[in-house]
Each structure stands twice: as C-alpha cells, then as structure tokens.
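As a plain string of letters, each chain reads:
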Amino acid sequence: MPPPLTPWEFWRQTLNSPKYILAPMVDASELPWRLLSRKYGTQLAYTPMMNAGIFIREPRYRREHLESCTEDRPLIAQFCANDTDIFLKAAKMAEQYCDAIDLNLGCPQSIAKKGHYGAFLQDEWDLISKMVKLIHRELSIPITCKVRVFPDINKSIAYAKMLEESGCYALTVHGRTREQKGPLTGLASWKHIQAVKAAVNIPVIANGNIQYWSDVERCLESTGADAVMVAEGNLTNPALFANLQPLVWDMGKEYLDLVERFPCPMSYARGHLFKIFNHCLTLEECFPLREALVQGMNLEDFKTVVADLEKHFTPYHQGVKAWTPPTDHPTSRLPLPPWHCQPYVRPSPEEHLKKIQLIMADEAKRKREDNDNGEEKSEGTLSKNKMKKLARLARNPKKQALLAKQAAFLTCNQCSNLPGVKCEHKLCRTCCKKKCETENLTCEGHTGTTVKRREKNLNGELKQLTEETNISNDVSNSPTSVLV
C-alpha cells in the first residue's frame, strides 16, 4: 500500500522540514556519529549505505547497520541494489525501523562498479524506475533517491523527472558526475542542482562543496534547494551545522563517550578519530600519536590517544607556548590552528595531474641516468600498478616523510617492512609465517597465514595419507581378476 502522505506532507510532517542533513557514509554514519552530529545541528540522518543482498542474508550485518534509538529520528535507511525482489525484501525488513527507504544511485567507487550498483545504474532507467515504483507501491513509508548528475544538464533534469514520476518522494542531488572522484573530484556543479530543483515538484537536497558554515548558506541561496547534505565536511567537523569549529579533543571525547553507550566496530571509531585529528597527526611531532591510534584496539587505547593529544596542544591553545606552523606544511595554510575542527581541502584535479606529470618526468629521468650508468635498462613504460602507486603518492605528498618516520621507530624485527598490528613476534606477515613454520610457533595476529594454514596442510596430508592407505587396503583385498 502506497504511503498515505504526499511528498510535501512527508517532508513537513514526518521529517519536520529539515535543512541540515548528514549524508549516508559507508563505515562512517553509524549511530554514535549520527548522535554526535545531531547534537550539533544535524536535523535528518541516514544509515550507512547497506547492500540489500547482504542485509537479507546476515543478521549481524542488519544489527550493526540498522542500530538506532529514540533520539535518532527522523532516520532514512539507504540501500544499494540492482534487483527488484531483493531490494523489496530488504526494504520490508527495515520498514519499521526508519522513516523512509533511500536508493543509492550515486556511489562512484570501484566496488560499486564491480557490484553493479550506485552511480553505475544511472544509465539503466527502466530498472531504476521498476525498483522505485515497487517500493512506492508495496511499502507504507516513502522511497527517496540519491543521485549524481550527468554532464548534460538537460539529461540530469530528465533523470530527476523520471524518478519523480516513478514515486520518489525526495531527491538528493550530488552535483558531481560519476567520473568526479578521488583525485579528480573537483568542484560540484550547483547549476545542475538549481536546474533540477526548478524542474521537479518534490523536495530537493543539495550535496557537494560544503566545507564551512558559509558554504551551507551560499548553497541554499544559489540552488534554491530545500536542504543541504554534508559528508566529508562533517567528518572533519561534526559541529559544522552549528557554525562552530571546536577543539578536536573535545569532539573526540564526546564521540568516544557515545561509542561507549552504543558500541560500534573499533575500525569505525579509529576512522573518525583520524578524520577529526587529521591536521594534528600530519605534524612530525605527532607521529607517535598517529602510530598509537593505528595500533589501538579498544576504547581505552583511543581515549589515551585523545588525552595525549590534548596534553600536547593545550599549552599552545592557552598561549603558554607560541605556536609556529612548520614551514611549507599544509597546516601553515589553515585559517585556524590545527587543533580546531576544520576541513581537509583536496588538491584540484589540475594540481593532481601536474604532480603526476612531474613524477613521471622524474621517473623517466632516473631511468635515463640508470641507463647512462650502465645499469640494466627496463623495457616499456610504467606499469599500471606503478602508475596507481604514483597517483596515490601524488594525492598525499606527506606519505614518504610519514613512512620514513614510522620506519625510524617501528619496523619488523627481521626486515624493513612494518610489522603486523597484532603480531606477537613484532614481525611482518612473511617473516612471521617463516618463523612460526620453522620454530613450530603460533601467532594469533597472523592466524590466517600461520596456524590455520599449517593445520589445514597437516589435515590435508593426513586425509591424503588415509585415502592412500584405504586404496592400498582395497587393492590388496581385491580378487586377482580385478587387478588384471
């Protein structure tokens, strides 16, 4: 049975006409983070994106991704899907725990391409329309959609109208194309969002280019959208919608308190702390704290990192010590000292391409010098893997310095690689495997490559030996005629 309310009635009565919305983020918009964001101005939140197929198969996945509480409303559950029946079944299972179901049509990542969902469905309008119509017809709560734009504004408008006609009650428009991601992200087009808003008669949420509070106000004015959705800007400053840039350790402590009340995977908590503390942890003096956060395994470990960070920067914050940003360091260009929540601004695609060109030029020069020195000449051009590594290096120019510092105080006991976080012998995976196999040891940190594999091999050998013995016995007991 279709929802009893019209799109605008749903927007005003159920969602309370929200203006400030937290985006659905994989492994990042879990319950503790949503509650922290709601405390600082967020009026509507989404669950992390959930895979509809996994959702209907695995109870643990459902519990982790759909966890909520009375303070966590209104709430929209987002799914990625490419099958109408599976999508409907997942939506039915989530129906009573949220206020609407959202179909993700905007994820541009490689995993979405591999799984054939998100932005990689945007050319299959018939399939999308069937999924939206089915949920609209069969559920008592509305369906909403989150999309990316096409380069052509007119095609983006036609896409939005198709979704509206299919039963979509609210549309989030990310003003970037499917190809704008990673180092090629660039700016979102608010003109596309403005054109879509003018063409449809359902609520439109603008997404893209929101780093500071001033961006929120400009976006609403420029696009005419009914609300603004924030993703990355929220991860570095969960108080963005409150027009605050608080101390990073205050946000860290508040978040960990919520994690204590509503437990979530420690990987989520670690990821959030890395985002909040990003500008501090890139400083050379904070590399030990960064490593402590990497190795932290529980709340107490993370609370210690927060306390140590606060202890280190409080004298600077209080003026007891004078703060001087390191020369040519990204923190020197920040509007506030690094211990305040503020966004990480990506380099432009043009800057990224220039860095790639410089790296390739340096690589070509090094090869020529090697050839001139009589060293072995490598054939062909750079491999795809090498190009990917160079691209990652170009996106993060601090990486080499960071790895050098890490290596100075943390390396495998038998080689120059980094050791496993949980390795009992302080070895990398390869060295740990050799040590355990030669010395008959065990290592819980590298179970998959040592103990279990050795047990599997022994079991396999035992099984093979048993089978050979049985065959031998069968043959010895067989009639002579069979042997012939």
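Residues numbered from 1 in each chain as written. Predicted model: local features only at pLDDT ≥ 70, side-chain atom pairs only at ≥ 80, totals over all residues. Heavy atoms only, no water.

Engineer: Break down unusual backbone geometry for me, citing the residues and quoting the values.
Structural biologist: Backbone torsion omega between R73 and P74 reads 0°, so that peptide bond is classified as cis. With respect to the helices, strands and loops of the structure, P74 is situated in the loop between α4 (59–66) and β4 (75–80). Residues other than glycine seldom take positive phi values, yet D27 does so here, at roughly 60°. Mapped onto the elements, D27 comes out in the loop between β1 (20–22) and α2 (31–39). (Helix = DSSP H or I, 4+ residues; strand = E, 2+ residues; numbered from the N terminus.)

Engineer: An account of the nonpolar core is needed here, citing residue identities and associated values.
Structural biologist: V248, Y255 and F313 are the most contacted members of the largest nonpolar core, which totals 57 residues. Once residues lying within four places of it in the same chain are set aside, the contact partners of V248 are I276, F277, C280, L309, P338, W339, H340 and C341. Judged by nonpolar contacts, the second largest core, of 56 residues, contains M50, L105, I135 and V216. (Core = buried A, V, L, I, M, F, W, Y, C linked by side-chain atoms within 4.5 Å. Buried < 20%, exposed > 50% of the residue type's maximum accessible area, 1.4 Å probe, protein only. Contact = heavy atoms within 4.5 Å.)

Engineer: With reference to specific residues and values, describe the side chain of T236.
Structural biologist: Within the secondary structure, T236 sits in helix α11 (residues 232–236). You can call T236 buried: its relative accessible area is 7%. Among the polar contacts made by the side chain of T236, one reaches the main-chain carbonyl oxygen of G233 at a distance of 3.3 Å. Sequence-distant contacts of T236, defined by excluding residues within four places in its chain, comprise K275, I276, C341, Q342, P343 and Y344. (Polar contact = N/O pair within 3.5 Å; in protein donor to acceptor, adjacent residues only side chain to side chain.)

Engineer: Which residues make up the pairing of strand β9 (residues 227–230), and what values go with them?
Structural biologist: Across the two faces of β9 the burial is the same, with A227 and M229 and V228 and V230 all buried. Here 3 bridges tie β1 to β9, and the two strands are oriented parallel to one another. Paired with I21 across the bridge in β9 is M229. When strand β8 (residues 204–207) meets β9, the two strands line up parallel, connected through 3 bridges. Paired with A206 across the strands is V228, a residue of β9. (Pairing = 2+ DSSP bridges.)

Engineer: So what's going on with the side chain of R176? Residues and values would help.
Structural biologist: Tracing the backbone through its elements, the reader meets R176 in the loop between β7 (168–174) and α9 (190–199). In this structure R176 is buried but unpaired, with E232 as the nearest side chain of opposite charge at 6.8 Å. Not counting chain neighbours up to four residues away, the residues in contact with R176 comprise R148, V149, T185, G186, L187, A188, G208 and N209. (Lys, Arg positive; Asp, Glu negative; His and termini not counted. Salt bridge = Lys/Arg side-chain N within 4 Å of Asp/Glu carboxyl O.)

Engineer: How would you summarise the pattern of salt bridges if you had to cite specific residues and measurements?
Structural biologist: Pairs can form between side chains of opposite charge whenever their charged atoms are close. Within the structure shown, the criterion is met by 13 salt bridges. Here R38 ties to D72 by a salt bridge, and the two come within 3.0 Å at their closest N and O atoms. On the criterion of sequence distance, the pair formed by R38 in helix α2 and D72 in the loop between α4 and β4 is long-range, its members being 34 residues apart. K197 is the partner of D226 in a salt bridge, and the nearest nitrogen-oxygen pair spans 2.8 Å. With a gap of 29 residues between them, D226 in the loop between α10 (213–223) and β9 and K197 in helix α9 connect regions that are remote in the sequence. The exposure class of K197 is buried, given its relative accessible area of 18%. Through salt bridges that share partners, R34, R38 and D72 make up one connected network.

Engineer: Tell me about the pairing of strand β5 (residues 100–105), and name the residues and values.
Structural biologist: By the criterion of burial, β5 is predominantly enclosed, with 6 of the 6 residues buried. The alternating pattern of β5 places A100, D102 and N104 and I101, L103 and L105 on opposite faces, both of which are buried. In this sheet, β5 lies alongside β4 in parallel orientation, the contact comprising 4 bridges. When the bridges of β5 are listed, A77 appears paired with I101. In this fold, β4 hands off to helix α5 (residues 84–94), which returns the chain to β5; that crossover is right-handed. In terms of strand pairing, β5 meets strand β6 (residues 143–148) through 5 bridges, oriented parallel. (Right-handed = clockwise from strand over helix to strand, strands pointing away.)

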